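# Architecture and fold: a report
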Amino acid sequence: MLAMTRVRLALLSLIASMLFIGSTSPAQASTTVGSGACAATVDASAGVSSFSSGNKCFITFSSVDTHTWTAPSSVTNISLFIIAGGGAGGAGAWGGGGGAGGLVYDSSYSVTPGSSYSLVVGRGGTVGGQNLTPTTNRSNNGTNSWFNLSSFAAIGGGAGASYAYGDNTQINGQNTADGSPGGSGGGATENSKTGNTYGGVGGTSSQAIPTGADLALGNSGGTTLNASGNVSGGGGGGAGGVGGSNSTIQVAGGGGLGATYTNLSIIDTIGAVTSFGQLYNTHYYFAGGGGGGGAYYGGAGGYGGGGKGGDSSTAYAGLNGTANTGGGGGGASYSSGCYPAGAGGSGLVVIIYSGIITTSVSAAFYTGSGNGIYRSIDTITATLTGTDAKVTFLADGKAIPGCKSIMSSGLIARCPWKPAGHRTIQITVQVIAGVSSTASSTSAAIRVLQRSGTR
């Protein structure tokens with residue numbers, strides 16, 4: 001009877017699936033997006049994508065509202081890139097640009113392997129009524145994006161101020177000509193007529209750094225001149241710069257610059273790998289402010305998805321902020337009637353973690369009598385856990401013929417070994433380092449005996 005040599009190889013993995021955490025939430029169905037080391041388990045695949053680059057996994061959530069994600073089985077630490085929804089541009093006439101959604105980054109957020117986490121992608125702000133009535137034309141802020149806890153949040157961008165010509169009243173404690181506060185503040189609007197002039201003030205940034213995060217970005221919106229006949233709005237603030245003020249009569253302020261590599265170096269990598277963000281002059285930008293509306297010269301949108309302010313070149317409509325950038329919407333203009341303002345762009349959540357499986361090897365050798373048999377085929381079986389990889393089988397340091405770089409299937413790789421000498425032979429099994437696995441090996445000495453009986 002032939003003796004069988006079995007080699008059992010165990011790989012510990014640093015990869016995962018993804019789920020929802022919340023003791024009071026009902027169980028939810030799950031699905032997988034992506035493959036290999038960067039396969040991600042989420043509640044639904046719509047608006048979720050998996051990318052890999054440089055041995056890193058990038059899981060993006062782009063559809064608004066709630067998602068769930070499960071931490072991979074051995075992943076204990078992730079990076080988080082979170083952008084809130086941008087604010088809408090001011091409506092009615094000569095509206096301020098919408099402020100960009102706030103941006104939050106954490107390079108080292110601790111997670112529990114196998115646990116599920118909730119996250120929310122913020123909506124862009126909706127526009128106010130297409131009319132000249134301050135009580136009904138006020139536009140809306142974007143909504144927050146967050147991970148795990150609602151307090152770990154990027155704050156929605158502030159709305160640009162809507163038409164308030166000659167009206168210095170307050171609505172909900174805020175002057176009608178002032179931009180709304182938010183992740184980045186909305187731009188102000190012009191408000192002047194004989195005997196009642198008022199230069200609007202841009203909304204402030206309410207974005208704070210969540211506990212444990214590395215960075216939070218947001219800026220104030222632009223102001224407007226206190227001058228009769230100005231007919232121009234200020235620009236919304238961006239994650240990388242303040243909104244442009246209306247400093248020249250009848251010239252609206254531009255949207256604030258979005259965040260780019262000078263604010264956070266990983267932005268270029270995120271943009272290049274996922275194709276989200278606005279590419280300009282070889283660099284990516286996120287969360288640009290919306291431009292103010294103007295009867296003659298509307299403000300440009302800030303790089304990073306900010307919408308242009310309305311003027312004759314846009315048919316007097318403010319342009320929308322770009323989806324999944326958190327860009328603010330452009331303010332509306334006016335020409336013998338009201339034109340629409342631009343809505344804010346939706347937010348984005350990106351989870352980043354190592355795509356390399358760290359291997360640890362243990363081996364047990366079972367040969368029946370404890371010996372191999374000379375010139376008899378014994379099958380060596382390597383069993384992997386974690387991910388399929390290439391395996392090489394060696395005898396005394398030399399690859400066994402036909403057993404080099406065998407790709408495992410279903411986490412199993414086999415080698416038909418025929419001992420060529422009756423002596424003690426060192427058998428080694430090696431896992432070859434790949435895109436999603438590290439090198440690993442195990443070995444044992446096997447005594448090979450002479451065959452018994454005759455042919």
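Residues numbered from 1 in each chain as written. Predicted model: local features only at pLDDT ≥ 70, side-chain atom pairs only at ≥ 80, totals over all residues. Heavy atoms only, no water.

A separate point is the overall build of the protein chain. A count of helical and extended segments in the protein chain gives one helix and 28 strands. Classification of the 455 residues of the protein chain by burial places 54% in the buried group. In the protein chain, once contacts between residues fewer than 6 apart in sequence are set aside, the share between residues at least 24 apart is 63%. Total accessible area computed for the protein chain in this model is approximately 17800 Å², and 51% of it derives from carbon and sulfur atoms. (Helix = DSSP H or I, 4+ residues; strand = E, 2+ residues; numbered from the N terminus. Buried < 20%, exposed > 50% of the residue type's maximum accessible area, 1.4 Å probe, protein only. Contact = heavy atoms within 4.5 Å. Areas by Shrake-Rupley, 256 points an atom, 1.4 Å probe, with all protein chains shown as cover.)

Before going further, it helps to examine the state of the cysteines. Across all of its chains, the model carries two disulfides by this definition. The disulfide that involves C38 links it to C57, with 2.0 Å between the sulfurs. Taking the sign of the torsion about the S-S bond as the criterion, the disulfide between C38 and C57, at about -80°, is left-handed. Of this pair, C38 sits in the loop between β2 (31-33) and β3 (40-42) while C57 sits in strand β5 (residues 56-61), placing them 19 residues apart in sequence. Here C403 connects covalently by a disulfide to C415, the sulfurs 2.1 Å from one another. Because the torsion about its S-S bond is 90°, the bridge between C403 and C415 counts as right-handed. Of this pair, C403 sits in the loop between β24 (398-399) and β25 (406-407) while C415 is found in strand β26 (residues 412-417), placing the two residues 12 residues apart along the sequence. The same class applies to C403 and to C415, which are both buried. (Disulfide = S-S within 2.5 Å.)

The next subject is unusual backbone geometry. Where the residue is not glycine, phi is negative for most of them; where a peptide bond is considered, it is trans in most cases. Here D65, not a glycine, exhibits a phi torsion of approximately 85°, which is positive. Along the chain, D65 falls in strand β6 (residues 65-70).

Moving on to the pattern of salt bridges. For the structure on display, the rule yields three salt bridges. The partner of R123 in a salt bridge is D65, with the nearest N and O atoms 2.7 Å apart. Note that R123 is positioned in the loop between β9 (116-121) and β10 (145-147) and D65 in strand β6, a separation of 58 residues in sequence. Look at R123 and you get partly exposed, because its relative accessible area is 41%. For D65, a relative accessible area of 35% puts it in the partly exposed group. We note a salt bridge from D311 to K308, for which the minimum N-O separation is 2.8 Å. (Salt bridge = Lys/Arg side-chain N within 4 Å of Asp/Glu carboxyl O.)

It is worth spelling out helix α1 (residues 266-274) at this point. Of all nine residues in α1, seven are buried; the element is thus mostly enclosed. Listing the buried residues of α1 in full gives I266, I267, D268, I270, G271, V273 and T274. Looking at the packing, one finds that the buried side of α1 touches β4 (48-53), β5, β7 (77-83), β8 (103-110), β18 (283-285) and β19 (348-354). Trailing α1 by a residue or two, S275 shows a phi angle of about 70°, which is positive.

For H67, the position within the fold is in strand β6. Residue classification places H67 among the buried positions, given a relative accessible area of 4%. Once you skip the residues sitting within four places of it in the chain, H67 turns out to touch D43, A46, V48, F61, Y117, S118, L119 and V121.

In this structure, the largest pocket spans a volume of roughly 170 Å³. Contributing to the lining of the largest pocket are A395, D396, K398, A399, I400, P401, W417, K418, A420, G421, R423 and I425. Each residue belonging to the lining of the largest pocket can be placed in one class, and the counts come to seven nonpolar, one polar and four charged. (1 Å grid on protein atoms, 1.4 Å probe; cavity = no way out; pocket = protein on both sides within 12 Å on 5 of 7 lines; lining within 4 Å. Points joined across faces, edges and corners; volume = space filled by probe spheres on them. Nonpolar A, V, L, I, M, F, W, Y, C, P; charged D, E, K, R; others polar.)

Taking strand neighbours across the sheet as the criterion, the six strands line up as β4-β5-β19-β7-β8-β16 in an open arrangement whose pairing is antiparallel. Each having just a single partner strand, β4 and β16 (215-217) make up the two edges of the open sheet. Averaged over all pairs of adjacent strands, the angle between strand axes in this sheet comes to 15°, irrespective of strand direction. Where α1 meets the sheet, its contacts fall on β4, β5, β7, β8 and β19, and the angle it forms with β5 comes to roughly 75°. (Pairing = 2+ DSSP bridges. Axes fitted to C-alpha atoms, helices over the stretch in contact; angles between N-to-C directions.)

Bringing the pairing of β7 into the picture now. Within β7, six of the seven residues are buried, leaving the element largely enclosed by the surrounding structure. Pairing analysis gives six bridges linking β7 to β8, with the strands arranged antiparallel. Counterpart to L80 in the pairing with β8 is D106. Where β7 meets β19, five bridges bridge the pair, whose relative direction is antiparallel. Of the residues in β19, the one forming a bridge with S79 is I352.

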